[in-house]
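Chain by chain, the residues run as shown.
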Amino acid sequence: MDIGIVGGGINGLCCAWQLARQGHRVHVYERDTLMQATSRASSKLLHGGLRYLENGELRLVREALHERDGWLQRMPDLAKPLRLILPIYRQARRPRWMIALGLWAYDRLAGHSTLPQSERLSTQTVLACNPYLNPQGLQGGYAFSDGQMDDQALGLWIAAQAQAQGVQISEHTDIATVHTTGHITTASGTTHQHERVLNVAGPWAQQLLQRSALSSPYRLDLVRGSHLILAQACPQAFLLEVPGERRIFFVLPWQGNTLIGTTEIRQTLHEPITCSRHEQHYLLQAWQHYFPHAQANVIDTFSGLRPLLYSAGDPNKATREYAIHRDGQLISVLGGKWTTALALARKVTQTIN
């Protein structure tokens, strides 16, 4: 078939690659340049989503863990295993038994993974991983496995695979409207007819439907996630509770520096997608609680707008699941996470006929 895809982020590119491998003629339309919005502003993790277990998202975690391992095997130059430590503090909101149970379930859902399973660590072992870690109230911890990637480079590698399969890509081509008959109209007024159209525009997917006078049974919850880059080496990756909250944040090694993230702030498409002063203060305050004697030299910040399916008043509890909705010859993808982009693409290919 002749298929048009609106959106050149990771989900759109994975859909294009998979469809082209099946023999379809595919044309991707991207409003900016490939991998320039949400898909390059992730926490750089390939992970199952340990905290999603608290929301009961077992299916998603199992799928994401399988996909995590697939990415690590597929592109070892751009995706690497990452061992994280989750310290246990006396004042934490989650008791030790809950952490142990969650990690046990995480290992079971991972199945026959090549990554090492979680393990309990002594207080001395945890402190030895980073000399600046706050020892007050520390009661040991756990180590567990996930993966880290260069999100933009990995996405552009997918784009290259898609183009090698014959996918045509048009950057700087904003799509004004789509139609259930398979035609799309660009902002400049040009019309293209396809046998199928995929709306994989990420945060802009629902807006595109609204501009086209089309509805969807799903509603997007747009949540900004901001990150900081500190000019210092990070000898160990950590998963930590925000002091006084149940939210978690990551402290990760990234290109010789330290990456801290993320926040969860609802916003609209009309607001700038940038790290606010409040978010920077929030992340620094959380980081300094655990590393009170380390220097905090912020050299960069970045933010991404995540298109979550609306499912809860608290964005921290919103589902990371995705939905595929078909209306005539138009198929819309809403929600989703980086790690499961290829799994989503495989499901999209099943809805084409």
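The preceding data block contains the structure.
This write-up is about the structure you can find in this document. Being a predicted model, the structure only gives us computed values, none of them experimental.

**Some thoughts on the packing of aromatic side chains**
- For the structure shown, the criterion picks out seven aromatic pairs.
- Both rings, one in Tyr106 and one in Phe144, keep their centres 6.2 Å apart while their planes meet at 85°; by these two values the pair is edge-to-face. With Tyr106 in helix H3 (residues 96-110) and Phe144 in strand E6 (residues 138-149), this pair connects stretches of sequence that are 38 residues apart.
- When the centroid spacing of 6.1 Å and the interplanar angle of 45° are considered together, the rings of Phe249 and Tyr290 count as tilted.

**Here we look at the sheet that holds strand E1 (residues 2-6)**
- The six strands are arranged E7-E2-E1-E11-E19-E18 in an open sheet whose pairing can be described as mixed. Only two strands of the sheet have a single partner each, and these edge strands are strand E7 (168-170) and strand E18 (322-327). Strand-to-strand, the axes of this sheet are offset by a mean angle of 15°, without reference to chain direction.
- Inspection of the sheet shows E1 paired to strand E2 (residues 25-29) by five bridges, in the parallel sense. From the neighbouring strand, Val6 faces E2, where its bridge partner is Tyr29.
- Relative to the sheet, helix H1 (residues 10-21) contacts E1, E2, E7, strand E11 (196-199) and strand E19 (330-335), its axis offset from that of E1 by approximately 170°.

**A few points about the side chain of Ser170**
- With respect to the element layout, Ser170 can be found in strand E7.
- A polar contact is formed between the side chain of Ser170 and the side chain of His27, at a distance of 2.7 Å.
- Beyond its immediate stretch of four places on either side in the chain, Ser170 contacts His27, Val28, Tyr29 and Glu30.

**Structural notes on the sheet that holds strand E9 (residues 183-186)**
- Pairing is antiparallel in the open sheet, where three strands are placed in the order E8-E9-E10. Across the chains shown, the open sheet's two edge strands, defined by having one partner strand only, are strand E8 (175-178) and strand E10 (191-193). Strand-to-strand, the axes of this sheet are offset by a mean angle of 25°, without reference to chain direction.
- Pairing of E9 with E10 involves three bridges; the strand directions are antiparallel. Bridging from a neighbouring strand, His183 pairs with Gln193 of E10.

**Some points on helix H5 (residues 151-164)**
- In this model H5 runs 20 Å from its N-terminal to its C-terminal C-alpha over 14 residues, within 8% of the 20 Å that 1.5 Å per residue would give.
- All buried positions along H5 are accounted for by Asp151, Leu154, Gly155, Ile158, Ala159 and Ala162. All buried residues of H5 fall inside an arc of 150° around its axis, so they share one side.
- Elements in contact with the buried residues of H5: H1, helix H2 (58-74), E6 and E7.
- Immediately beyond the C-terminal end of H5, within one or two residues, lies Gly166, with a positive phi of roughly 100°.

**A look at the nonpolar core**
- One finds Ile5, Cys14, Val26, Trp71, Val167, Leu198 and Trp338 to be the most contacted residues of the largest nonpolar core, which totals 40 residues.
- Those elements giving two or more residues to this core turn out to be E1, H1, E2, H2, H5, E19 and helix H8 (341-349).
- Here this core takes eight residues from H1, the largest share from any one element.
- When near neighbours in sequence (up to four residues on either side) are disregarded, Ile5 contacts Gly12, Cys15, Ala16, Leu19, Val26, His27, Val28, Tyr29, Leu198 and Val200.
- Counting residues in each nonpolar core, the second largest holds 28 residues, with Leu45, Ile99, Leu103 and Tyr142 among its members.

**Let's talk about a nonpolar patch on the surface**
- Residues Trp97, Leu101 and Trp104 make up a contiguous nonpolar surface patch of roughly 400 Å² in combined accessible area.
- Following the sequence through the fold, Trp97 ends up in helix H3.

**Considering the packing of H2 against H8**
- Axis separation between H2 and H8 bottoms out at 8 Å; the angle between their running directions is 105°. Here H2 is positioned roughly perpendicular relative to H8, judged by the angle of their axes. Across from Arg59, Glu63, Glu67, Trp71 and Arg74 in H2, the residues of H8 making contact are Leu342, Ala343, Arg346 and Lys347.
- Classifying every residue of the contact of H2 with H8 by side-chain character gives three nonpolar, no polar and six charged.

**Considerations on the pattern of salt bridges**
- One pass over the full model with this rule turns up 18 salt bridges.
- For Glu195, the salt bridge goes to Arg25, with nearest N and O atoms at 3.7 Å. Pair noted here: Glu195 is in the loop between E10 and E11 and Arg25 is in strand E2, with a separation of 170 residues, a long-range link.
- Overall, the relative accessible area of 39% leaves Glu195 in the partly exposed class.
- A salt bridge links Arg224 to Glu279; the nearest nitrogen and oxygen atoms lie 2.9 Å apart.

Calculation notes
- Residues numbered from 1 in each chain as written.
- Predicted model: local features only at pLDDT ≥ 70, side-chain atom pairs only at ≥ 80, totals over all residues.
- Heavy atoms only, no water.
- Phe/Tyr/Trp six-rings, centres within 6.5 Å; stacked < 30°, edge-to-face > 60°.
- Helix = DSSP H or I, 4+ residues; strand = E, 2+ residues; numbered from the N terminus.
- Pairing = 2+ DSSP bridges.
- Axes fitted to C-alpha atoms, helices over the stretch in contact; angles between N-to-C directions.
- Contact = heavy atoms within 4.5 Å.
- Polar contact = N/O pair within 3.5 Å; in protein donor to acceptor, adjacent residues only side chain to side chain.
- Expected span 1.5 Å × (residues − 1).
- Buried < 20%, exposed > 50% of the residue type's maximum accessible area, 1.4 Å probe, protein only.
- Arc of directions from axis to C-beta.
- Core = buried A, V, L, I, M, F, W, Y, C linked by side-chain atoms within 4.5 Å.
- Patch = residues over 30% accessible without salt bridge, like charges linked within 9 Å, V, L, I, M, F, W, Y side chains within 5 Å.
- Areas by Shrake-Rupley, 256 points an atom, 1.4 Å probe, with all protein chains shown as cover.
- Salt bridge = Lys/Arg side-chain N within 4 Å of Asp/Glu carboxyl O.
- Parallel < 35°, antiparallel > 145°, perpendicular 65-115°, else oblique.
- Nonpolar A, V, L, I, M, F, W, Y, C, P; charged D, E, K, R; others polar.

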